[in-house]
Amino acid sequence: AWAPCLAHNIGETIGARALFLHGSPEQRAEYLPAILRGERSFALGYSEPEAGSDLAALRTRAVRDGDDWIVNGQKLWSTSADKAEYIWLAARTDPEAKKHAGISVFMADLRSTGISIRPGFALYGKTFSAVFFDNVRVPSRAMVGRVNGGWQVITDALAAERIMMGASRKAIIERAFDRMTAYLRTANVGGKMLRDDPVIRDRIGTLAAEIEVARQFLMRNAAILEQGRVPLYEAAISKVFSSELQERLGQAALDILGTGALLSQDAHSAPAGELEQLLRHSLMGIISGGTNEIQRTLIAQRGLGLPR
């Protein structure tokens, strides 16, 4: 329904899951009820200019100073930093350790002195931000998990993020598919009903079957979570399939509806609403949460047991 909940879902899907697994009793007592009530909103502070899908290459530093940590660095592509109150922040706390071993996770207050946020505008029609940290003090109690143990926190949280991404992609896809098929039921081009074209019917049938596949992947992930396990490669499968299905649906809309599908959803004669934005928006799903190339590596190694 496009409800304005983007600033909250980082806390609900990533932060809450990680707090259940790695948070202290005090953190769980303070943050989980507030997240559930929608009173604590989070942005995601993972990616950096030289650390996107290779998250372990991050350079944002946190240095211990008494009961606080002093953070310096930059984060990119945060879709909710300009709206949220906290940022789920990954920072390097041991520069001498191996890449994965020297990282910690913090819940930093975005209202802290030394934080500046610069919103931008993305190709898919939404805002994103760069977040800069200049000697920002973060209390030790805001660290999630142990010092230098952030990679396990991140890994567990990323599985939850990919499940959320697969679910949100599927919801967007179903909405757009319903719009497109509703249009095709009555569309007449050159005196012929589009719904009677066998090529179009075949393509629509394929998309309908693939949407059901996406639903089954999500149901499997939900079942794994209910069993108390973390669906690492299973979540990656769902994320890859759903994000690329959104791209295929957008391409199909352009092929079937022609130049009319290029009109934005507010245009007077747009044939089926947000189909033009659907294709642009697919770029986010394919790249964010770790590019699909990275996901396929994870699937190959963790799911199929292929050599590294």
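Anything mentioned here points back to the structure above.
Definitions and limits used
- Once a new chain begins, its residue numbering starts again from 1 and follows that chain's sequence as written.
- Given that this is a predicted model, residues contribute local features only at a pLDDT of at least 70 and side-chain atom pairs are listed and counted only at 80 or more, while totals for whole chains, interfaces and linings are drawn from all residues.
- Side-chain descriptors were evaluated using all non-hydrogen atoms of the structure, hydrogens and water having been removed beforehand.
- Runs of E in the DSSP output that reach at least two residues are strands. Runs of H or I that reach at least four are helices, and both are numbered from the N terminus.
- With C-alpha atoms as the basis for the radius of gyration, the globule rule is written as 2.2 Å multiplied by the number of residues raised to the power 0.38.
- Accessibility here uses a 1.4 Å probe with only protein chains present; expressed as a share of the type maximum, an area under 20% marks a residue as buried, one over 50% as exposed, and anything in between as partly exposed.
- We call two residues contacting when some pair of their heavy atoms lies within 4.5 Å.
- Method for areas: the Shrake-Rupley scheme with a 1.4 Å probe, in which residue coverage is limited to the protein chains shown.
- Within this scheme the basic residues Lys and Arg register as positive and the acidic residues Asp and Glu register as negative, but His and the chain ends are omitted.
- Every charge is mapped to an atom, namely NZ of Lys, CZ of Arg, CG of Asp or CD of Glu.
- DSSP-based pairing: two strands are paired if at least 2 bridges between them are found.
- Here an axis means a line fitted to C-alpha atoms, over the contact stretch when the element is a helix, while the angle between two N-to-C directions is reported on a 0 to 180 degree scale.
- Note on terminology: angles under 35 degrees are roughly parallel, angles over 145 are roughly antiparallel, angles of 65 to 115 are roughly perpendicular, and the others are oblique.
- Each crossing is labelled by how the near helix is turned from the far one, with a counterclockwise turn of less than a right angle marking it left-handed and a clockwise turn marking it right-handed.
- Following the grouping adopted for this structure description, the nonpolar residues are Ala, Val, Leu, Ile, Met, Phe, Trp, Tyr, Cys and Pro, the charged ones are Asp, Glu, Lys and Arg, and the polar ones are all others, Gly among them.
- Multiplying one less than the number of residues by 1.5 Å gives the expected span of a helix.
- Within 3.5 Å is the distance limit for a polar contact, defined as a pair of N or O atoms, with the added protein rule that one can donate a hydrogen and the other accept it, and that residues adjacent in sequence qualify only through two side-chain atoms.
- Ring geometry is summarised as follows: Phe, Tyr and Trp rings, the Trp one being its six-membered ring, pair when their centres sit within 6.5 Å, and such pairs are stacked at plane angles under 30 degrees, edge-to-face over 60 and tilted between the two.
- A ring is considered to have a charge above it if a Lys NZ or an Arg CZ atom is located within 6 Å of its centre and within 35 degrees of its normal.

Asker: Which parts of the structure should I look at to understand the overall build of the protein chain?
Answerer: On a plain count of helices and strands, the protein chain comes out with 7 helices and 10 strands. What you see for the protein chain is a C-alpha radius of gyration of 21 Å, in line with the 19 Å of a compact globule of 308 residues. Principal axes of the C-alpha set define a box for the protein chain whose edges measure 75 × 45 × 35 Å. When burial is assessed residue by residue, the protein chain has 48% of its 308 residues classed as buried. Within the protein chain, contacts between residues separated by at least 24 positions form 70% of all contacts whose residues are at least 6 apart in sequence. Surface accessibility of the protein chain: about 15200 Å² in total, with carbon and sulfur atoms responsible for 55%. If the 37 positive side-chain charges of the protein chain are averaged to one point and the 34 negative ones to another, these points end up 2 Å apart.

Asker: I'm lost on the pairing of strand 7 (residues 127-139) in this one. Help?
Answerer: Regular strands show a simple pattern: their side chains alternate between the two faces of the sheet. As defined by bridge partners, strand 3 (residues 68-78) adjoins strand 7 across 8 bridges and the pair is classed as antiparallel. Its bridge partner lying in strand 7, K75 is registered against V131. As paired elements, strand 6 (residues 115-121) and strand 7 share 7 bridges and run antiparallel to each other. Directly across from G120, in strand 7, lies its bridge partner F128.

Asker: I'm lost on unusual backbone geometry in this one. Help?
Answerer: Leaving glycine aside, a negative phi is the common case for residues, and trans is the common case for peptide bonds. Of note in the backbone geometry, W77 takes a positive phi value of approximately 60° without being a glycine. The residue W77 is located in strand 3 in this model. Backbone geometry at N148 places phi at a positive 65°, although glycine is not the residue there. By secondary structure assignment, the location of N148 is in the loop between strand 8 (143-144) and helix 3 (150-186). Residue classification places N148 among the partly exposed positions, given a relative accessible area of 21%.

Asker: Looking at this structure, I do not really get the pairing of strand 5 (residues 103-109). What am I missing?
Answerer: Along strand 5, 6 of the 7 residues are buried, which leaves the element largely enclosed by surrounding structure. Where strand 4 (residues 86-92) and strand 5 come together, 7 bridges link them in antiparallel fashion. Bridge assignment links Y86 to a residue of strand 5, and that residue is D109. As defined by bridge partners, strand 5 adjoins strand 8 across 2 bridges and the pair is classed as antiparallel. Residue pairing across strands places V105 opposite V144, the latter belonging to strand 8.

Asker: For this particular structure, what's the right way to read the packing of helix 3 against helix 6 (residues 275-287)?
Answerer: Two quantities define a packed helix pair, namely the angle between the axes and the distance from one axis to the other. With their axes 11 Å apart at the nearest point, helix 3 and helix 6 run at an angle of 165° to one another. When the axis of helix 3 is compared with that of helix 6, the two are roughly antiparallel. Crossing geometry of helix 3 relative to helix 6 is assigned as left-handed. Facing M165, R169, I172, A176 and M180 of helix 3, the residues of helix 6 in contact are L275, L278, H281, M284 and G285. Residue composition of the contact of helix 3 with helix 6, grouped by class: 7 nonpolar, 2 polar and 1 charged.

Asker: How do you make sense of the environment of I294 when you look at a structure like this?
Answerer: Relative to the helices and strands, I294 resides in helix 7 (residues 292-303). Classification of I294 as partly exposed rests on a relative accessible area of 37%.

Asker: Would you mind showing me how to read helix 4 (residues 198-226) here?
Answerer: Turn by turn, an α-helix covers 3.6 residues, leaving residues three or four places apart pointing in a common direction. Its 29 residues give helix 4 an end-to-end C-alpha distance of 42 Å, which sits within 8% of 42 Å, the value for a rise of 1.5 Å per residue. Within helix 4, the full set of buried residues consists of I200, I204, L207, E210, I211, A214, L218, N221 and I224. Taken together, the buried residues of helix 4 touch helix 3 and helix 5 (232-257). Two or three places before V199, at the opening of helix 4, D197 has a side-chain oxygen 2.8 Å from that residue's backbone nitrogen. Of the residues one or two after helix 4, G228 is the one with positive phi, at around 80°.

Asker: What is the right way to look at the packing of aromatic side chains in this model?
Answerer: A complete count under the given rule lists 6 aromatic pairs for this structure. For the ring pair F217 and F241, a centre distance of 5.5 Å and an interplane angle of 75° mean the geometry is edge-to-face. Here F217 is found in helix 4, whereas its partner F241 is found in helix 5, with 24 residues between them in sequence. Here the aromatic residues Y31, F42, Y86 and W88 are joined through ring pairs into a cluster of three or more. R118 extends its terminal NZ or CZ atom over the ring of F132, reaching a point 4.4 Å from the ring centre. Sitting over the ring of F241, R248 keeps its end group 5.5 Å from the ring centre.

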